[in-house]
Amino acid sequence: MILGLETSCDETAAALITADGEILANVVSSQADLHAAYGGVVPEVASRRHLELVTPVIREALDEAEAALDDVELVGVTAGPGLIGALLVGVAAAKAIAWARRLPLAPVDHLHGHVASLYLEPDPLEPPFLCLLASGGHTLLLDVEERGRPPRVLGTTLDDAAGEAFDKGARLLGLGYPGGAAIDRLAREGNPEAYAFPVARVPGLDFSFSGLKTALLYAVRELAPDELARRRTDLASSYQRAIVRALVERTQQAANETGAATVAVVGGVAANSELRTALPDAVLARLELCTDNAAMIASAARFERAIPYPGYLALDAYASSA
């Protein structure tokens, strides 16, 4: 049995899976309501909340799986990238559990975890495949050749990630935080053709969303408050359409250039209803595995080189992969 821990941003998560990838428990405690008052995640607040939640979340996962720590054979934990203070909480908890029971520990890259969400039962995906990873902090096109081997980066964002674009757009529209789900809900009531928001054309397979965000800012500034209230649904729908177009067009371009037979989509933005509709032939991460969770970290841990006891005591977290 594998215990996974995830604390890279504002979700405190613990999961237990089998070596074959069957999820026995996947507990996520979100801090979204806590950070809503600030319009985004406050790193220090997130770290302190992780400290309060990590032990109860682990206990809840064990109870849900009807297991005990004696049943755990491997501990996997997100080591980065993410908020460094938040990551250190998870890494410290994982070290303590592994050291106390003389277990091996597998440090997992958060992005590899998102890809590994596709390897879980009941329908695990076998590489090779092209993967669009779109989340709050990352937008990447990845060539996944085999499990356990770092994927080849084909394209990335030059500025904001797609999830950031959703959150910043929601803030401009007065929808609060988190913004992705709010825009998705509101967009269903609007006309996606009402505003012709730009889709950046940058070289290669990279993305850019900063110009789109600026275009929304200007559109909002031009409207009086009462007119903005009337046009908010159209703005949300048109803005979402532009983000989805950018993701879909680049993904299709990458598939054509690489000859990929299978396309997969993971990450928080993979939960977006319009994106899921726009890529009907893609393999989509299950909704409960799109946002940050520990089952994907435990899944990735199966394919990492675990550090034997007690060598991981010197393990550190990292904020960026670069």
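Before reading on, note that the structure itself is shown above.
Residues numbered from 1 in each chain as written. Predicted model: local features only at pLDDT ≥ 70, side-chain atom pairs only at ≥ 80, totals over all residues. Heavy atoms only, no water.

Participant: I'd love a proper account of the overall build of the protein, names of residues and values included.
Facilitator: Per the secondary structure count, the protein includes ten helices and ten strands. Its C-alpha radius of gyration of 20 Å places the protein within 12% of the 20 Å reference for a compact globule of 322 residues. Judged by the C-alpha coordinates and their principal axes, the protein covers about 60 × 45 × 35 Å. A burial count over the protein gives 52% of its 322 residues as buried. (Helix = DSSP H or I, 4+ residues; strand = E, 2+ residues; numbered from the N terminus. Rg over C-alpha atoms; globule rule 2.2 N^0.38 Å. Buried < 20%, exposed > 50% of the residue type's maximum accessible area, 1.4 Å probe, protein only.)

Participant: Describe empty space enclosed by the protein, listing the residues and the values that go with them.
Facilitator: Taken as a whole and judged by the stated rule, the model has one cavity of 30 Å³ or more. The computed volume of the largest cavity comes to approximately 80 Å³. In this structure, the largest cavity is lined by Val-199, Ala-200, Arg-201, Val-202, Asp-206, Phe-207, Ser-208, Arg-245, Ala-246, Glu-249 and Arg-250. Here the lining of the largest cavity is built from residues that sort into five nonpolar, one polar and five charged. (1 Å grid on protein atoms, 1.4 Å probe; cavity = no way out; pocket = protein on both sides within 12 Å on 5 of 7 lines; lining within 4 Å. Points joined across faces, edges and corners; volume = space filled by probe spheres on them. Nonpolar A, V, L, I, M, F, W, Y, C, P; charged D, E, K, R; others polar.)

Participant: Any chance you could break down the sheet that holds strand β3 (residues 23–30) for me, citing the residues and the numbers?
Facilitator: As summarised here, the arrangement of the five strands in space is β3-β2-β1-β4-β5, forming an open sheet in which the pairing is mixed. Because the sheet does not close on itself, it has two edges, and the strands there are β3 and β5 (105–109). Adjacent strand axes in the sheet meet at a mean angle of 15 degrees, parallel and antiparallel pairs treated alike. Where strand β2 (residues 11–17) meets β3, seven bridges bridge the pair, whose relative direction is antiparallel. Its bridge partner being in β3, Ala-13 is matched across the sheet by Val-28. Contacting β1 (2–6), β2 and β3, helix α2 (residues 43–65) runs over the sheet at an angle of about 25 degrees to β2. Strand contacts of helix α3 (residues 84–100): β1, β4 (74–80) and β5, with the helix running at about 160 degrees to β4, the strand carrying the most contacts. (Pairing = 2+ DSSP bridges. Axes fitted to C-alpha atoms, helices over the stretch in contact; angles between N-to-C directions. Contact = heavy atoms within 4.5 Å.)

Participant: Residues and numbers for the pairing of strand β7 (residues 139–144), please.
Facilitator: Across the six residues of β7, six count as buried, placing the element largely inside the fold. Both faces of β7 are covered, namely the face carrying Thr-139, Leu-141 and Asp-143 and the face carrying Leu-140, Leu-142 and Val-144. In this structure, strand β6 (residues 129–134) lies alongside β7, joined through six bridges in antiparallel fashion. When the bridges of β7 are listed, Leu-130 appears paired with Asp-143. Linking β6 back to β7 in an antiparallel pair, the connection comprises four residues. As paired elements, β7 and strand β8 (residues 152–156) share four bridges and run antiparallel to each other. Its bridge partner lying in β8, Leu-142 is registered against Val-153.

Participant: So what's going on with a negative patch on the surface? Which residues, and what values?
Facilitator: On the surface, Asp-20, Glu-22, Glu-121 and Asp-123 cluster together into a patch of negative charge. Mapped onto the secondary structure, Asp-20 falls in the loop between β2 and β3. Look at Asp-20 and you get exposed, because its relative accessible area is 61%. (Patch = residues over 30% accessible without salt bridge, like charges linked within 9 Å, V, L, I, M, F, W, Y side chains within 5 Å. Areas by Shrake-Rupley, 256 points an atom, 1.4 Å probe, with all protein chains shown as cover. Salt bridge = Lys/Arg side-chain N within 4 Å of Asp/Glu carboxyl O. Lys, Arg positive; Asp, Glu negative; His and termini not counted. Charge placed at Lys NZ, Arg CZ, Asp CG, Glu CD.)

Participant: How would you sum up the nonpolar core? Please name residues and give values.
Facilitator: Ranked by internal contacts, the top residues of the largest apolar core, which has 74 residues, are Phe-129, Phe-197, Phe-209, Leu-235, Ile-243 and Leu-247. The element contributing the most residues to this core is helix α8 (residues 225–258), with twelve residues. Not counting residues up to four positions away in its chain, the partners in contact with Leu-247 are Leu-132, Thr-139, Ala-162, Phe-207, Phe-209, Val-269 and Leu-275. Core analysis: the second largest hydrophobic core is formed by 30 residues, Val-57, Val-75, Val-77 and Ala-98 among them. (Core = buried A, V, L, I, M, F, W, Y, C linked by side-chain atoms within 4.5 Å.)

Participant: For the packing of α2 against α3, give the residues involved together with the corresponding values.
Facilitator: The geometry of α2 relative to α3 is characterised by a closest axis approach of 9 Å and an angle of 30 degrees between their N-to-C directions. Judged by the twist between their axes, the crossing of α2 over α3 is right-handed. Across the interface between the two elements, Ser-47, His-50, Leu-51, Val-54 and Ile-58 from α2 touch Gly-85, Ala-86, Val-89, Ala-93 and Ile-97 from α3. Along the lines of polarity and charge, the residues of the contact of α2 with α3 split into seven nonpolar, three polar and no charged. (Left-handed = near helix turned anticlockwise from the far one by under 90°.)

Participant: Can you break down unusual backbone geometry residue by residue, with the values?
Facilitator: For the bond running from Glu-121 to Pro-122, omega is 15 degrees, close enough to zero to count as cis. Looking at the element boundaries, Pro-122 is found in the loop between α4 (110–116) and β6. Note that the residue after Tyr-309, namely Pro-310, is joined by a cis bond; omega there is -5 degrees. Locating Pro-310 in the fold gives a position in the segment after α10 (295–301). The phi dihedral of Glu-66 falls on the positive side, at around 55 degrees, and the residue is not glycine. Mapped onto the elements, Glu-66 comes out in the loop between α2 and β4. The phi dihedral of Arg-102 is positive, around 55 degrees, even though this residue is not glycine.

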